[in-house]
Every structure is written in structure tokens, then in C-alpha cells.
Amino acid sequence: MESMISSPYVTFTAADFMSYKIIRSYHPALRRSDKVMQTGLTLEQAQAHCRRPDTRKEGEWFDCYTQA
């Protein structure tokens, strides 16, 4: 069960305070380090970004997300 913070106006869960970042990961043969592309995203924003076809290049790189 998630912990919650309540006020008379709204209830928050731990997920409301989580932030995500987009990381570009490169194929090992390219010998490039992963690169942070965006930060401060919600889970929904990060997932939507990574679903787009322009966030990957076959055999070279792809964007993924992780908790910031």
C-alpha cells in the first residue's frame, strides 16, 4: 500500500512526487556514453516520449526513462 499525505484540499501519494528522466542509450559498438536528454518529467510524459518512433534509431540508439 502506498503512503499518502493528506490535506483538507487534496491527497498526495508517493507517485505524485516522483520525477523521471529520459536517457539516450547508444549501441556498445558506437562507444558512446549514455546521455541525459530531459529531466523533471512525470511517468506519463516519460512513457509517451519513449513510445514515439523518433526516439530510436535501429542499431544505433534508443531513448529510455528512469526515475530521477
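Residues numbered from 1 in each chain as written. Predicted model: local features only at pLDDT ≥ 70, side-chain atom pairs only at ≥ 80, totals over all residues. Heavy atoms only, no water.

## Observations regarding the overall build of the protein chain
Thinking step 1. Summing up its helical and strand segments, the protein chain has one helix and six strands in all.
Thinking step 2. Considering only contacts within the protein chain whose residues lie at least 6 apart along the sequence, 41% involve residues at least 24 apart.
Thinking step 3. Carbon and sulfur atoms make up 53% of the accessible area of the protein chain, which totals about 5,400 Å². (Helix = DSSP H or I, 4+ residues; strand = E, 2+ residues; numbered from the N terminus. Contact = heavy atoms within 4.5 Å. Areas by Shrake-Rupley, 256 points an atom, 1.4 Å probe, with all protein chains shown as cover.)

## Comments concerning the sheet that holds strand E3 (residues 20-26)
Thinking step 1. In spatial order, the strands read E4-E3-E6-E5; together these four strands make up an open sheet with antiparallel pairing. The strands lining the two open edges of the sheet, one partner per strand, are strand E4 (35-41) and strand E5 (56-57).
Thinking step 2. Pairing geometry for E3 and strand E6 (residues 61-67), over seven bridges, is antiparallel. Its bridge partner being in E6, Arg 24 is matched across the sheet by Asp 63.
Thinking step 3. Across the face of the sheet, helix H1 (residues 43-51) comes into contact with E3, E4, E5 and E6 while running at roughly 170° to E6. (Pairing = 2+ DSSP bridges. Axes fitted to C-alpha atoms, helices over the stretch in contact; angles between N-to-C directions.)

## Focus on the side chain of His 49
Thinking step 1. By the element assignment, His 49 lies in helix H1.
Thinking step 2. Once residues lying within four places of it in the same chain are set aside, the contact partners of His 49 are Ile 22, Gln 38, Thr 55 and Asp 63.

## A word on the nonpolar core
Nonpolar side chains in soluble globular proteins tend to be buried together.
Thinking step 1. The biggest cluster of nonpolar side chains holds five residues, and these are Tyr 20, Ile 22, Leu 41, Ala 46 and Cys 50.
Thinking step 2. Breaking this core down by element, the ones donating at least two residues are E3 and H1.
Thinking step 3. Setting aside residues no more than four positions away along its own chain, Ala 46 makes contact with Tyr 20, Ile 22, Leu 41 and Tyr 65. (Core = buried A, V, L, I, M, F, W, Y, C linked by side-chain atoms within 4.5 Å. Buried < 20%, exposed > 50% of the residue type's maximum accessible area, 1.4 Å probe, protein only.)

## Quick notes on the pattern of salt bridges
Thinking step 1. Summed over the entire model, instances satisfying the criterion amount to three salt bridges.
Thinking step 2. A salt bridge links Asp 54 to Arg 52; the nearest nitrogen and oxygen atoms lie 2.9 Å apart.
Thinking step 3. For Glu 60, the salt bridge identified is with Lys 57, shortest N-O distance 3.8 Å.
Thinking step 4. The partly exposed category is assigned to Glu 60, whose relative accessible area is 32%.
Thinking step 5. Judged by relative accessible area, which is 43%, Lys 57 ranks as partly exposed. (Salt bridge = Lys/Arg side-chain N within 4 Å of Asp/Glu carboxyl O.)

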